[in-house]
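# Coordinates in review
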Amino acid sequence: MINTNDILETIRMIQDENLDIRTITMGISLLDCCDSDIHKSCDKIYEKITRRAQKLVQTGEDIAAEYGIPIINKRISVTPIAMVLAASGGDPVEYAKTLERASRAVGVNFIGGYSALVHKGFAAGDRALIESIPEALAVTDHVCSSVNIGSTKSGINMDAVRLMGRQVVEAARLTADRQCIGAAKLVVFCNAPEDNPFMAGAFHGPGEPDCVINVGVSGPGVVRAALKKAGDCDLTEVANIIKRTAFKITRMGQLVGTEASRRLDVPFGIVDLSLAPTPEIGDSVAYILEAMGLEKCGAHGTTAALALLNDAVKKGGVMASSHVGGLSGAFIPVTEDAGMIAASRCGALRIEKLEAMTAVCSVGLDMIVVPGDTPPEVISAIIADEAAIGMVNSKTTAVRLIPAIGKKEGEELDFGGLLGFGPVMALNPNSPARFIARGGRIPAPLQSLKN
C-alpha cells in the first residue's frame, strides 16, 4: 500500500534537501573492438558506444521527468583502454579522441576508462597508455582516466607509483590554462572496483557483462536534515537515523536503475549507495559530521564520526538493494563539498587529517588542490601512503590531487560546476625522493593470504 507520508517525505527531500541520483552510468565492454589496426579498432569502438548508448541520455531525462527524481549525470564507462591498446599498438591518444567523439555524439557528461591496471606490473599497452595520459586529458573534455597501482592481493607497484607522480603533475601543467582540469580527471587507485559508476575513476571491468547499467545515488543533505530534526539523541540513535535514511535513498536508486535497465534492454548491475556531496550549501558530508556535534570538520573526533556515518550508510543501503557495489559509503572530495571547503579555508582540516579519515570512508584523498610547484616524488609518496591504507585494510583507496600550476598555499582554484573550488592545501616540505626512487614492489600484506 502506498504511504502518503512517504511520498511527501520524498518530495521534500528532492525539493529542499538536494536528494538526487548522481549518475546513471552505462558500462560497455570494448573487448570485441580489439584489432591489430588501431584505426579499425577506433571505428569499432565509436560504432559500439554510439549504438549502445544512443538512448541513454534521453532515457535518463524521461525517467527524471516521469518520476520527478533529478538525475544529474548520464555517463559511460568502458573497458580499460590499455587492454585494447595491447592488441593494436599505435598512438593511444587516438583512442582518447575516439572516446571524446563518441561521448559528444551521445551527449553524456563524462566517459571513463582511459585506464590501466598495473597493480602487479606492466603488461602490453600499459606503460604506453600511462605515458599518454596527460596529453589525452589535455586534448579531450569528457574523457576520464584511472590507473590501479596496488591491491591487497598483489601489494603496491612502486614503479607505477613513481610514474604516476610525474603524470599527475604533467596533466595539470598541460591544462594550466583551464584550471589544471587534466589532473581533476585522473584517479590513482588501490583495490579499484570493476563496477564503479563514479568519475573520474569509472571503468568497465573485464569481469563485467558486455553492457550494464549502474546507478550512483547521492543525498548528504537528506542525512543532515534527518539528524538536525532528531536533536540531541545518542550516537546509537544517530546510526539508526542514518541507516533508515540511507535505505530510502538507495530504494530510489534501485527504482531508477531497474527502470533504466528495462527501457534500455540492458542488464541492471549495481547501486552505488555513496553519499556524494556537491558544492551546494547543505549538500555536504562535512556538515553531517558537524551535525553530530563537531564544531568543525577536522576537529578531533572527525574520524570516529565518519566511521559511524560510513558504516551506517552501508548497513541501511544494503537492505534496500539486492546488488550493491561500486564504492558505496561516504565521499570526502574537498572541492566538491561546501563544508570541506569551509573547514580547509579556516585551517581546521588539513591533508594529514584527511588521510586519517580515508581509513574509514569510501575512496581516499579526493579533489585536493596542492601547490603548483609540488615535486612529482611528493605526489608519488602521497599516492603510496594512500595505497598502503587501502592495501592493509582491504578497501578501495584513491588519490585525485590537482597541482595548481602558478598558485601557492592559501590561493584558490575554481573549476565551476560539479567539481567546485577549493583552497591550495599545504604539504609536508620534507622530501621522500630517495624512497620513491627505489622502485620495485611493496609486498602484499599477510592479510592477502585468505585462501
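Each chain has its residues counted from 1, following the order in which its sequence is written. A pLDDT threshold of at least 70 governs which residues receive local features in this predicted model, and a stricter bar of 80 or more applies before side-chain atom pairs are shown or counted, although totals over entire chains, interfaces and linings include all residues. With hydrogens and water set aside, each side-chain value is computed from the structure's full complement of heavy atoms.

Another point: the overall build of the protein chain. For helices the rule is a DSSP run of H or I covering at least 4 residues; for strands it is a run of E covering at least 2, with both sets numbered from the N terminus onward. On a plain count of helices and strands, the protein chain comes out with 16 helices and 13 strands. As defined in this context, the radius of gyration uses C-alpha atoms, and a globule is described by 2.2 Å times the residue total to the power 0.38. Since a compact globule built from 451 residues should have a radius of gyration of about 22 Å, the 21 Å found for the protein chain is in line with a globular shape. For the C-alpha atoms alone, the extent of the protein chain along its principal axes is close to 60 × 55 × 50 Å. Classification of residues uses two cut-offs on accessible area relative to the type maximum, computed with a 1.4 Å probe and protein chains only: under 20% is buried, over 50% is exposed, and between them is partly exposed. The 451 residues of the protein chain split such that 60% are buried. Every residue pair with non-hydrogen atoms within 4.5 Å of one another is taken to be in contact. Summarising the internal contacts of the protein chain: among those between residues at least 6 apart in sequence, 78% fall at separations of at least 24. A 1.4 Å probe and the Shrake-Rupley method give the accessible areas. Residues count as covered only by the protein chains that appear here. Roughly 17400 Å² of accessible area belongs to the protein chain as shown, and the carbon and sulfur atoms make up 51% of that amount. Each charge class in the protein chain was averaged separately, 44 positive and 51 negative side chains, and the resulting centres sit 3 Å apart. Charged residues are defined narrowly, with Lys and Arg counted positive, Asp and Glu counted negative, and His plus the chain ends left uncounted. A charge is said to be at NZ when it belongs to Lys, at CZ for Arg, at CG for Asp and at CD for Glu.

Further remarks concern the side chain of Asn310. Within the secondary structure layout, Asn310 lies in helix H12 (residues 302-318). Whenever two N or O atoms come within 3.5 Å, that pair is a polar contact, provided that in protein one can donate a hydrogen and the other can accept it, and provided that, for residues adjacent in sequence, both atoms are side-chain atoms. Within the structure, Asn310 has its side chain in polar contact with the backbone oxygen of Val360 (distance 3.2 Å). Once you skip the residues sitting within four places of it in the chain, Asn310 turns out to touch Gly329, Ala330, Val360, Cys361 and Ser362.

The definition of a nonpolar core used throughout is a set of buried Ala, Val, Leu, Ile, Met, Phe, Trp, Tyr and Cys residues joined through side-chain atoms within 4.5 Å. Formed by 114 residues in total, the largest nonpolar core has its most connected members in Ile49, Ile76, Tyr114, Ile149, Ile242, Met292 and Leu309. Formed by 15 residues, the second largest nonpolar core is a distinct cluster that contains Phe189, Ala192, Val363 and Ala398.

Opposite charge on two side chains permits pairing when their charged atoms draw close. Whenever a carboxyl oxygen of Asp or Glu lies within 4 Å of a side-chain nitrogen of Lys or Arg, that contact is scored as a salt bridge. In total, this model carries 19 salt bridges according to the counting rule given. The shortest N-O distance in the salt bridge between Arg104 and Asp141 comes to 2.7 Å. You can see Arg104 sitting in helix H5 (residues 93-106) and its partner Asp141 sitting in the loop between helix H6 (126-138) and strand E4 (143-151), a full 37 residues away along the chain. According to the relative accessible area criterion, Asp141 is partly exposed, its value standing at 42%. When the shortest N-O distance is used, the salt bridge between Glu412 and Arg345 registers 2.6 Å. Here Glu412, found in strand E11 (residues 412-414), pairs with Arg345, found in helix H13 (residues 338-345); they are 67 residues apart in sequence, far enough to count as distant. Within the structure, one salt-bridge network assembled from shared partners comprises Glu100, Arg104, Asp141, Asp177 and Arg178.

Using protein atoms alone on a 1 Å grid, points that fit a 1.4 Å probe yet trap it form a cavity, whereas open point sets bounded by protein on both sides within 12 Å along at least five of seven lines form a pocket; residues with an atom within 4 Å of a point count as lining. Grid points are joined across faces, edges and corners, and a volume is the space filled by probe spheres set on the points. Per the counting criterion, the structure on display carries two cavities of 30 Å³ or more. By volume, the largest cavity is sized at about 260 Å³. Around the largest cavity sit 24 residues that line it, and Phe198, Met199, Ala200, Glu336 and Arg400 are the ones nearest its centre. Secondary structure elements with two or more residues in the lining of the largest cavity: strand E6 (186-190) and strand E10 (397-404). Split into classes, the residues belonging to the lining of the largest cavity amount to 16 nonpolar, two polar and six charged. Taken together, Val217, Ser218, Ala246, Ile249, Thr250, Leu273, Leu275 and Val313 make up the full set of residues lining the second largest cavity. Considering each element in turn, the lining of the second largest cavity owes the most residues, three residues, to helix H10 (residues 235-264). Residues of the lining of the second largest cavity, tallied by class, amount to six nonpolar, two polar and no charged. Note that Gly is not counted as nonpolar here; it falls among the polar residues with everything else outside the nonpolar set of Ala, Val, Leu, Ile, Met, Phe, Trp, Tyr, Cys and Pro and the charged set of Asp, Glu, Lys and Arg.

Burial runs high along strand E8 (residues 268-272): five of the five residues are buried. Of the strand pairs in this sheet, strand E7 (residues 211-217) and E8 are connected by three bridges, and their pairing is parallel. Along E8, the bridge assignment pairs Val215 with Val271. Pairs of strands are assigned from DSSP output, requiring at least two bridges between the strands.

What counts as a ring pair is set by centres within 6.5 Å for rings of Phe, Tyr and Trp (its six-membered ring), and what kind of pair is set by the plane angle: stacked under 30 degrees, edge-to-face over 60, tilted for all other angles. Counted by the stated rule, this structure contains one aromatic pair. Ring geometry for Phe198 and Phe331: centres 5.1 Å apart, planes at 65°, overall edge-to-face. Note that Phe198 is positioned in the loop between E6 and E7 and Phe331 in the loop between H12 and H13, a separation of 133 residues in sequence. In this structure Phe198 comes out as buried when scored by relative accessible area, which is 4%. Put simply, a charge is over a ring when the Lys NZ or the Arg CZ is close to the ring centre, within 6 Å, and near the line of the ring normal, within 35 degrees. Arg101 extends its terminal NZ or CZ atom over the ring of Tyr46, reaching a point 4.4 Å from the ring centre. Across from the ring centre of Phe122, 4.1 Å away, lies the NZ or CZ of Arg127, which sits over that ring.

In this chain, Met199 is followed by Ala200 through a cis amide linkage whose omega measures 10°. Along the chain, Ala200 falls in the loop between E6 and E7. Here the phi dihedral of Gln179 falls at roughly 60°; this positive angle occurs in a residue that is not glycine. Tracing the backbone shows Gln179 in the loop between helix H7 (158-174) and helix H8 (181-184).

Interhelical geometry of H7 versus helix H15 (residues 376-393) gives an angle of 125° and a closest axis separation of 7 Å. Of the possible angle classes, the one that applies to H7 and H15 is oblique. For the element pair H7 and H15, the recorded crossing hand is right-handed. Contacts between H7 and H15 pair Met158, Val161, Arg162, Met164, Gly165, Arg166, Val168 and Val169 from the former with Pro376, Ile379, Ser380, Ile383 and Ala384 from the latter. Along the lines of polarity and charge, the residues of the contact of H7 with H15 split into nine nonpolar, two polar and two charged. Lines are fitted to the C-alpha atoms to define the axes, a helix being fitted only along its stretch in contact, and any angle between axes, read from their N-to-C directions, falls within 0 to 180 degrees. Angular relationships are summarised with four words: roughly parallel below 35 degrees, roughly antiparallel beyond 145, roughly perpendicular across 65 to 115, and oblique for the angles in between. What makes a crossing left-handed is the near helix being turned counterclockwise from the far one by less than a right angle; a clockwise turn instead makes it right-handed.

Once that is clear, we can look at the environment of Ser145. With respect to the helices and strands, the residue Ser145 is situated in strand E4. Residue classification places Ser145 among the buried positions, given a relative accessible area of 0%. With 63 residues separating them along the chain, Ser145 and Ala82 place their C-alpha atoms 11 Å apart. Contacts of Ser145, omitting those with residues within four sequence positions, involve Tyr114, Ser115, Ile133, Leu137, Lys185, Leu186, Val187 and Ala200.

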